[in-house]
Amino acid sequence: MTFPFLPPEHLLVILENLSELDRTTLHALTLTCKYLNDEATSRLYHSMTDTDGTRHYRFLLRIWKTPRLAKLVYIYRLPTTQNTQRGNLSQLIGRCVPRMVNLKELMIPSIRNLNPNPPRASIGLCSFHLVRLEWINGFSAFQDAKLFLASQPDLVHLYWGFNILPNLPHNPFPKLNTLGAYTRVANAILTSQPITAFHWLICQETYFNRTQEERIFGQQQLGEVAALFQREFPSLKCLSVDCNPTCVLKLFREDEIKFFWHVDTLRVTETPEEKLGDMSFYGFLSKFPCLQRLIITSGNTLAKEQHDDLDNAVLQIFGANSNLKLLDISWGNLRVFKRWVEGVPHSQPIELSENWLMY
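What counts as what
Residues numbered from 1 in each chain as written. Predicted model: local features only at pLDDT ≥ 70, side-chain atom pairs only at ≥ 80, totals over all residues. Heavy atoms only, no water. Helix = DSSP H or I, 4+ residues; strand = E, 2+ residues; numbered from the N terminus. Buried < 20%, exposed > 50% of the residue type's maximum accessible area, 1.4 Å probe, protein only. Contact = heavy atoms within 4.5 Å. Areas by Shrake-Rupley, 256 points an atom, 1.4 Å probe, with all protein chains shown as cover. Pairing = 2+ DSSP bridges. Salt bridge = Lys/Arg side-chain N within 4 Å of Asp/Glu carboxyl O. Arc of directions from axis to C-beta. Polar contact = N/O pair within 3.5 Å; in protein donor to acceptor, adjacent residues only side chain to side chain. pLDDT = per-residue confidence, 0-100. Phe/Tyr/Trp six-rings, centres within 6.5 Å; stacked < 30°, edge-to-face > 60°.

Description of the overall build of the protein chain
Thinking step 1. Along the backbone of the protein chain there are 12 helices and 16 strands.
Thinking step 2. Relative to its full complement of 359 residues, the protein chain shows a buried share of 47%.
Thinking step 3. For the protein chain, restricting intrachain contacts to residue pairs at least 6 apart in sequence, the fraction spanning at least 24 positions comes to 63%.
Thinking step 4. A total accessible area of about 17,600 Å² is found for the protein chain, and carbon and sulfur atoms account for 52% of it.

Next comes the structure, spelled out in structure tokens:
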């Protein structure tokens, strides 16, 4: 089949309007003319981020049978479910990932009762140089993870889901721009990199005191936090925290938290809605002198009867930081937010990315 009346640049425009997630359409286009086959195949294999293990098995099986396709893969996210067909998905991942020599982004999600990680034997065979690595799976073997991390010095974006770090040279990731990590890991990795975004994992570093109903840091953790706070990064503009940081920030004065001095966007996750009006819960906002935007994400959605009760709480939150301009609170689901601009509610809900890097 040919397209005599459509020049290649027009066909390219058509392809550019197709999402890489529309894999059915892209596959159909590979069965037309040679030009569309080449372009559609390139897009079809550029990225694989589906969560379904069976789809991953089919995708990787085609790569295993046609090795040249592996060079087309630039983004790969391991699945979160098992393969329902015959065949070993983990083994196929171990065989195919090292063949993705042009891979730039690799995401390994957090999964219980599954083994989504690349087998150890395949880690040393990987010749690609990643720009982004998200190893969120804290349940996997640390030995596998640390071997892999040490082989990726060109990382620009790193999310490290372990509270320990392998022995690395000084300034192991000079190009690093965004980091997601526990306090100890952040202290070890961050030197002079001009990072712009940091996702602070503190929830699992604390234990819960049921008598006082608060999270408490141990002395070792507090020492690590104090060391992090003493470091100033003028480039750090975006901060995301996996729980409300009041439990630790209340222990430090504003002048002791240099790490947050230049942050203008703060995202707090897993915040109980019933505490939105409790100003002791948001007193920490005064410790962000440049804060202009606050994003509050909750694991539970707000009930309709709670919507009208928020205005007073919102005004108090704006009062806690005179520089605050925007406030977004999760509304309906984890991606839909209600926005207030300088205390005035926005007329329509907005949709925000779930990306922890906030960009």
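Describing the pairing of strand E5 (residues 157-160)
Both faces of the sheet carry side chains from a regular strand, because those side chains alternate between them.
Thinking step 1. Along E5, one buried face is formed by His157 and Tyr159 and the opposite face, lined by Leu158 and Trp160, is buried too.
Thinking step 2. In this sheet, E5 lies alongside strand E4 (residues 132-135) in parallel orientation, the contact comprising four bridges. Considered in E5, the bridge of leucine 133 is made with leucine 158.
Thinking step 3. As paired strands, E5 and strand E6 (residues 178-182) are joined by three bridges and run parallel to one another. Each residue of the ladder has a partner; that of tyrosine 159, found in E6, is glycine 180.

Quick notes on the pattern of salt bridges
Thinking step 1. In total, this model carries 10 salt bridges according to the counting rule given.
Thinking step 2. Arginine 132 is the salt-bridge partner of glutamate 134, the closest N and O atoms lying 3.3 Å from each other. The pair formed by glutamate 134 and arginine 132 is uniform in burial state, with each residue classed as buried.
Thinking step 3. A salt bridge links glutamate 224 to arginine 184, with the shortest nitrogen-to-oxygen separation between them at 2.9 Å. With a gap of 40 residues between them, glutamate 224 in helix H9 (residues 219-229) and arginine 184 in helix H8 (residues 183-189) connect regions that are remote in the sequence.
Thinking step 4. We classify arginine 184 as partly exposed; its relative accessible area is 31%.
Thinking step 5. Salt bridges sharing common partners tie together Glu105, Arg132 and Glu134.

Some words on H9
Thinking step 1. Residues Leu222, Glu224, Val225, Leu228 and Phe229 constitute the buried set of H9. Down the axis of H9, the smallest arc covering the buried residues is 160°, so these residues share one side. Seen from the buried face of H9, the exposed residues on the opposite side, beyond 90 degrees, are Gln219 and Gln220.
Thinking step 2. Of the surrounding elements, those touching the buried residues of H9 are H8, strand E7 (197-201) and helix H10 (246-249).

Thoughts on helix H5 (residues 89-96)
Thinking step 1. The buried count for H5 comes to six of eight residues, which makes it a mostly enclosed element.
Thinking step 2. Within the sequence span of H5, burial applies to Leu89, Ser90, Leu92, Ile93, Gly94 and Cys96.
Thinking step 3. With a side-chain oxygen lying 3.1 Å from the backbone nitrogen of serine 90, the N-terminal cap of H5 falls on asparagine 88.

Topic: the confidence of the model for the protein chain
Thinking step 1. Put simply, the protein chain has an average pLDDT of 79, and 70% of its residues get 70 or more.
Thinking step 2. Counting contacts from residues 208-213, a segment whose pLDDT is below 50, to residues more than four positions away or on other chains yields five contacts.

Quick notes on unusual backbone geometry
Thinking step 1. The backbone of asparagine 171 shows a phi angle near 50°, a positive value even though the residue is not glycine.
Thinking step 2. Inspection of the secondary structure assignment puts asparagine 171 in the loop between E5 and E6.
Thinking step 3. Not every positive phi belongs to a glycine, and glutamate 342 is a case in point at roughly 50°.
Thinking step 4. Looking at the secondary structure, you find glutamate 342 in the loop between strand E14 (336-341) and strand E15 (344-345).
Thinking step 5. Judged by relative accessible area, which is 53%, glutamate 342 ranks as exposed.

A short note on the packing of aromatic side chains
Thinking step 1. Tallying each qualifying case throughout the model produces 13 aromatic pairs.
Thinking step 2. Taking 6.1 Å as the distance between ring centres and 55° as the angle between the ring planes, the aromatic pair formed by phenylalanine 128 and phenylalanine 148 counts as tilted. Separated by 20 residues along the polypeptide, phenylalanine 128 in the loop between helix H6 (120-123) and E4 and phenylalanine 148 in helix H7 (residues 142-150) bring together distant segments of the chain. The pair phenylalanine 128 / phenylalanine 148 is uniform in exposure class, with both members buried.
Thinking step 3. On the basis of an interplanar angle of 75° and a centroid distance of 6.3 Å, the ring pair of phenylalanine 284 and phenylalanine 288 is categorised as edge-to-face.
Thinking step 4. For phenylalanine 284, a relative accessible area of 3% puts it in the buried group.
Thinking step 5. Overall, the relative accessible area of 0% leaves phenylalanine 288 in the buried class.
Thinking step 6. A network of ring pairs unites the aromatic residues Phe198, Trp200, Phe229, Phe233, Phe252, Phe259, Phe260, Phe284 and Phe288 as a single cluster.

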